[in-house]
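Close look at the chain arrangement
One letter stands for each residue in the lines below.
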Amino acid sequence: MARVAIKSVLLVATATACPLMVLLLFLARRGGRRTRFWRARRPGAVASLAGTIVLFAEVAHQAIRPTAAVHVIRFVTRSWGPHARYMGWDLGPFNSLGNWTAMEDPFATALLGMSRHAGLVIGGAWLALILANAWRPDPTWVDRAGRIVGAFWIVSACHFFLLPI
Amino acid sequence: MKLIHFRPQRRFTTVDALTLVPAIALGVAWLVEARSVLHYLERFDRLVLRQLLHPLAAFLTPLTLALLALRLRWPWPSLRSCLRQAGAVACSVAAVCVILEVFNHFLDLTTRLYDSVQLHNSAASYMLPTGRLPGLTLFDSIAFSLGEAPGLAVAGAYLALWSAGLWRTESSWIDRVGRLVGWFWIILALAFIVLPPWSPY
């Protein structure tokens, strides 16, 4: 029960953090006379940039999967027939006969992937900034909020290690 | 007066060879050991393909650690510029992730061993099948616990270096190989994501 509660809270928090992160990326682009490279050394801006790229990649992945699944179905059903799904092939939102089923929510799948992967990318980006001695936190609310969102993604990714699905 | 800074060229020495050969041999040993996965290829599916990715990650791991150790040997430019080189950063970030995954693997193994011992000491132990303890099979080993984490972290590190204008490269074999290993980690992570271990429906 606690596990279900934690997963539900995580899903809601992820759905909240995604648009917030894109908004913070737009706000972080403003930096006065500072150069683009200086702005890109703020950990909040880096977290927003990396998280937004992962978000678009996850959405693109979910958008491409149904198209790819059609080809997988054509290839797999030729060999294994209608039992292809039970062989473990990723058929996307289609059943083994190639018909669309509403068993999968691409939105929830993208959010799940986001909470698993964004923290790893942001953690690597922050580690690179620290190693390169380029960690330049900015005392503005935009950068602080970016850092909080980045920390949330890292905690979310760590949670998947300790409490797998 | 124009100052010319002498920077020694990084050559491939005997010490480099003596470090890299065991690292590559260890990775190849993992690959050879994992050939038992091929036994399942008669049932060629997504999960078998995914199982083939784990030995590749295990192959890259000793190579990454060896390259990082060699990068920290003389001659190196300076610690700051060394840690801005893409190859060194890729190896450092991947090494941190591998260490975290190894720690997590042993934490998980300890929990499962504790549960197994508790179960065998319980009154219901006569119902248990005789089997190996967890962690003693190939699929339970550390080689099969490495996933997409190092590759995603390397992708994040490359993104941070590029966006902050800190991407530095060196025309030496060690930086080239380091960058190549970083890209391999990233490709491996994408393959892990495209072939998930579970079906989401």
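A brief look at the structure comes next. (Residues numbered from 1 in each chain as written. Chains lettered and ligands numbered in written order. Predicted model: local features only at pLDDT ≥ 70, side-chain atom pairs only at ≥ 80, totals over all residues. Heavy atoms only, no water.)

1. Overview of the overall build of chain B
- Each helix and strand in chain B was counted, giving six helices and zero strands.
- Helices and strands appear in chain B in the N-to-C order α-α-α-α-α-α.
- Within chain B, the fraction of its 201 residues that count as buried is 43%.
- Carbon together with sulfur atoms contributes 69% to the accessible area of chain B, which is approximately 11200 Å² in total. (Helix = DSSP H or I, 4+ residues; strand = E, 2+ residues; numbered from the N terminus. Buried < 20%, exposed > 50% of the residue type's maximum accessible area, 1.4 Å probe, protein only. Areas by Shrake-Rupley, 256 points an atom, 1.4 Å probe, with all protein chains shown as cover.)

2. Points about unusual backbone geometry
- Not every positive phi belongs to a glycine, and N133(A) is a case in point at roughly 55°.
- Mapped onto the fold, N133(A) is located in the loop between α4 (106-131) and α5 (141-162).

3. Topic: a nonpolar patch on the surface
- Where nonpolar side chains cluster on the molecular surface, the patch consists of F161(A), L162(A), F103(B) and L107(B) and spans about 420 Å² of accessible area.
- For the nonpolar patch, the secondary-structure elements that each account for two or more residues are α5 of chain A together with α4 (86-120) of chain B.
- Given the relative accessible area of 40%, L107(B) is considered partly exposed. (Patch = residues over 30% accessible without salt bridge, like charges linked within 9 Å, V, L, I, M, F, W, Y side chains within 5 Å. Salt bridge = Lys/Arg side-chain N within 4 Å of Asp/Glu carboxyl O.)

4. A look at the side chain of T52(A)
Residues and elements named next belong to chain A.
- By the secondary structure assignment, T52 is in helix α3 (residues 43-80).
- Its relative accessible area of 5% is what places T52 among the buried residues.
- A distance of 2.6 Å separates a polar atom in the side chain of T52 from the backbone oxygen of S48.
- Beyond its immediate chain neighbours, meaning those up to four positions away, T52 contacts M21, V22 and L25. (Polar contact = N/O pair within 3.5 Å; in protein donor to acceptor, adjacent residues only side chain to side chain. Contact = heavy atoms within 4.5 Å.)

5. Quick word on the environment of H105(B)
Residues and elements named next belong to chain B.
- Looking at where H105 falls in the secondary structure, it is placed in helix α4.
- What makes H105 buried here is its relative accessible area of 8%.
- H105 sits 41 residues away from L146 along the chain, and the two C-alpha atoms are 8.9 Å apart.

6. Looking at the packing of aromatic side chains
- If you walk through the whole model with that rule in mind, you get five aromatic pairs over all chains.
- Taken together, a centroid distance of 5.1 Å and an interplanar angle of 50° make the contact between F152(A) and W153(A) tilted.
- The class for W153(A) is buried, based on a relative accessible area of 0%.
- Between Y158(B) and W167(B) the ring centres are 4.9 Å apart and the planes differ by 75°, which places this aromatic pair in the edge-to-face class.
- Here a set of aromatic residues connected by ring pairs shows up, and it is made of Y158(B), W167(B) and W183(B). (Phe/Tyr/Trp six-rings, centres within 6.5 Å; stacked < 30°, edge-to-face > 60°.)

7. Details of the pattern of salt bridges
Residues and elements named next belong to chain A.
- All told, the structure shown has six salt bridges over all chains when counted by the stated rule.
- Between D138 and R42 there is a salt bridge whose closest N-O contact spans 3.4 Å. One end of the pair, D138, is in the loop between α4 and α5; the other, R42, is in the loop between α2 (36-39) and α3, with 96 residues separating them in the sequence.
- Judged by relative accessible area, R42 falls into the buried class, the value being 5%.

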